[in-house]
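Examination of the molecular architecture
Chain residues, written in single-letter form:
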Amino acid sequence: MKNQEKEDVVILAIESSCDETAAAVVKNGREVLSNIISSQIDLHTLYGGVVPEIASRKHIEKINQVIEEALAKAQVSLKELDAVAVTYGPGLVGALLVGVAEAKAIAYAAKLPLVGVHHIEGHVSANYIENPDLEPPFLCLIVSGGHTHLVLVKEYGEYEIIGRTHDDAAGEAYDKVARAIGLGYPGGPKIDRLAKEGNPHAIEFPRAKIEGSEYDFSFSGLKSAVLNYLNSCEMKGEEINRADVAASFQQAVVDVLAERTMTAAKEYGMKKVAIAGGVASNSALRAAMMSACNRNGLEFYRPSPIFCTDNAAMIGAAAYYEYRKGVRSGLDLNAVPNLKIGER
Ligand code: KG4
Ligand code: ZN
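Residues numbered from 1 in each chain as written. Chains lettered and ligands numbered in written order. Predicted model: local features only at pLDDT ≥ 70, side-chain atom pairs only at ≥ 80, totals over all residues. Heavy atoms only, no water.

1. Description of the coordination of the zinc ion (ligand 2)
Around the zinc ion (ligand 2), the protein supplies His119 (NE2), His123 (NE2) and Asp310 (OD) as donor atoms, at distances of 2.0 to 2.1 Å. Positions of the donor residues of the zinc ion (ligand 2), expressed as sequence spacing, correspond to H-x3-H-x186-D. Of the two residues, histidine 119 and histidine 123 are both situated in helix H4 (residues 119–129); the distance of 4 residues between them amounts to about one turn of the helix. Given a relative accessible area of 7%, histidine 119 falls into the buried group. For histidine 123, a relative accessible area of 2% corresponds to the buried category. (Donors = N, O, S within 2.8 Å, 3.2 Å for Na, K, Ca; no water. Helix = DSSP H or I, 4+ residues; strand = E, 2+ residues; numbered from the N terminus. Buried < 20%, exposed > 50% of the residue type's maximum accessible area, 1.4 Å probe, protein only.)

Set out below in structure tokens:
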């Protein structure tokens, strides 16, 4: 393959930061030759959330098989690769370490360059996969289980955070509210589904504004408001319409996310808006962002749901642009559980 297409860069990417063991082969940052994901969700559901110790152990069990499958599906051998990429943070330290150790072993044995990738930068880069025309600069709303950020993507791999949550991440709020109304883990997709049967205007939940920071978020007040509502219904002996609670909560989250993103796009003169992270697969958020962008004459980008949840193709996409810039990690690469965006 290399002889015919010398310019091509083929990267094996590995992701193991939370509860998905994933490997992918990506060509030139945008062409996904394979994308294998082994999810541990069923296992963690028993405990109502991700158990770090179990996650690490499962990653060890699965990772070789997942990588073999990714290479086989892509019909690419180790010799045909140009680099190995791996998520090295942020995430659960034990889980990250499994991917990092594996990537280092492959890079050493196959004499390949190693590229450490930031998990959230991977989520943002998922937008490149299905949108060949998308290039920076653009504004990206990142909404995952651990992060809620508004970032300016100024260049490939160059980020400026202009907004962040002061407390809970959007996904965290979904998960906590889901637990409160008895939906279980993982809450996001379950609320998304149940909300379709409810009235989003049935209950007026608060839309928090942060004094002095127009692009920041806060979801803990909303979460408390939902809990208070549930408690007061219980005390009055009133029946709770869970679908209405889910729909009204979701509407409050989506309103805030879309509104702040539009304000930022206008203020920073951005013509392109993207969304990324697990919550970016939320159907109400996708619809609200689409119509807000249409109203404001902005181009809207979002990855397919399979590239919104944790996957390795997005790591391969981010790694390509790092690789092209000459970024290489040493074999002393370590997991960094609280790695910040833009940090190396
Ligand atoms: O990006 P991700 O897979 O993992 C992190 O990097 O954190 O995000 C996981 C989060 C969870 O909180 C999950 O409930 C949420 O994304 N999520 C959703 C949906 N699918 C996943 N939230 C709302 N609606 C969805 N459809
Ligand atoms: Zn993620």
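2. Concerning the domain arrangement of the protein chain
As assigned here, the protein chain comprises domain 1 (2–126 + 308–324) and domain 2 (136–302). Placing a centre on the C-alpha atoms of domain 1 and another on those of domain 2 gives a separation of 28 Å. Domain 1 puts 17 residues into the contact, and the matching count from domain 2 is 18 residues. Summing both partners gives a buried area of about 1,400 Å² for domain 1 against domain 2, and 70% of it is carried by carbon and sulfur. The tally of links between domain 1 and domain 2 comes to 0 salt bridges. Those elements that provide at least two residues to the side of domain 1 that touches domain 2 are helix H1 (41–45), H4 and helix H11 (313–325). It is H4 that contributes the most residues to the side of domain 1 that touches domain 2, 5 residues altogether. (Domains from an automatic or database assignment. Contact = heavy atoms within 4.5 Å. Buried area = accessible area lost by both parts, 1.4 Å probe. Salt bridge = Lys/Arg side-chain N within 4 Å of Asp/Glu carboxyl O.)

3. Here we look at the site of ligand 1
Around ligand 1, a shell composed of 18 residues is seen, among which Gly145, Asp175, Asp192, Gly278 and Asn282 lie nearest. Within the contact set of ligand 1, an oxygen atom lies 2.9 Å away from a backbone nitrogen or oxygen of glycine 278. Elements with a minimum of two residues in the shell around ligand 1: H4, helix H5 (170–180) and helix H6 (187–195). Residues belonging to the shell around ligand 1 are distributed by class as follows: 3 nonpolar, 12 polar and 3 charged. Each of domain 1 (2–126 + 308–324) and domain 2 (136–302) accounts for three or more of the residues forming the shell around ligand 1. (Near = heavy atom within 4 Å. Polar contact = N/O pair within 3.5 Å; in protein donor to acceptor, adjacent residues only side chain to side chain. Nonpolar A, V, L, I, M, F, W, Y, C, P; charged D, E, K, R; others polar.)

4. Looking at the sheet that holds strand E6 (residues 138–143)
On the basis of which strands lie adjacent, the open sheet formed by 5 strands has the order E8-E7-E6-E9-E10 and mixed pairing. Looking at strand neighbours, the two that pair on one side only are strand E8 (158–164) and strand E10 (299–301), the edges of this open sheet. When the angles between neighbouring strand axes are averaged without regard to direction, this sheet yields 25°. Relative to E8, strand E7 (residues 148–155) runs antiparallel, the two sharing 6 bridges. Within the sheet, the bridge partner assigned to glutamate 155 lies in E8 and is glutamate 158. Across the sheet, H4 is in contact with E6, E7, E8, strand E9 (272–276) and E10; its angle to E6 comes to roughly 125°. (Pairing = 2+ DSSP bridges. Axes fitted to C-alpha atoms, helices over the stretch in contact; angles between N-to-C directions.)

5. Focus on the nonpolar core
Leu139, Leu141, Phe249 and Met289 are the most contacted members of the largest nonpolar core, which totals 51 residues. Mapped onto this core, the elements with two or more residues apiece are E6, E7, H5, H6, helix H7 (220–236), helix H8 (242–267), E9 and helix H9 (283–295). The leading source of residues in this core is H8, at 14 residues. Of all hydrophobic cores here, the second largest spans 38 residues; its members include Ala24, Ala126, Ala274 and Ile341. (Core = buried A, V, L, I, M, F, W, Y, C linked by side-chain atoms within 4.5 Å.)

6. Things to note about the state of the cysteines
Taken as a whole and judged by the stated rule, the model has 0 disulfides. Of all cysteine sulfurs in the structure, the one in cysteine 308 sits closest to cysteine 18, which takes part in no disulfide; the separation is 16 Å. (Disulfide = S-S within 2.5 Å.)

7. Let's talk about the side chain of threonine 165
Relative to the helices and strands, threonine 165 is located in the loop between E8 and H5. Taking relative accessible area as the criterion, threonine 165 reaches 16% and is therefore assigned buried. Looking at threonine 165, its side chain comes within polar contact range of the main-chain nitrogen of aspartate 167, at 3.2 Å.

8. Re unusual backbone geometry
Phi is mostly negative for residues that are not glycine, and the peptide bonds are mostly trans. Omega for the bond connecting glycine 89 with proline 90 falls within 30 degrees of zero, at -10°, which places this linkage in the cis form. Mapping proline 90 onto the fold places it in the loop between strand E4 (83–89) and helix H3 (93–109). Note that the residue after proline 136, namely proline 137, is joined by a cis bond; omega there is 5°. Mapping proline 137 onto the fold places it in the loop between H4 and E6.

9. Describing H3
Taking 1.5 Å per residue as the helical rise, H3 with its 17 residues ought to reach 24 Å, and the 24 Å between its terminal C-alpha atoms agrees with that figure. Buried residues along H3 sit in contact with strand E1 (10–15), helix H2 (52–74), E4 and strand E5 (114–118). Positive backbone phi, approximately 55°, marks lysine 111, located one or two places after H3. (Expected span 1.5 Å × (residues − 1).)

10. Considering the environment of arginine 328
By the element assignment, arginine 328 lies in the segment after H11. Its relative accessible area of 40% is what places arginine 328 among the partly exposed residues. Taking the C-alpha atoms as reference points, arginine 328 and proline 113, separated by 215 residues in sequence, lie 6.5 Å from one another. Once residues lying within four places of it in the same chain are set aside, the contact partners of arginine 328 are Pro113, Leu114, Glu322 and Tyr323.

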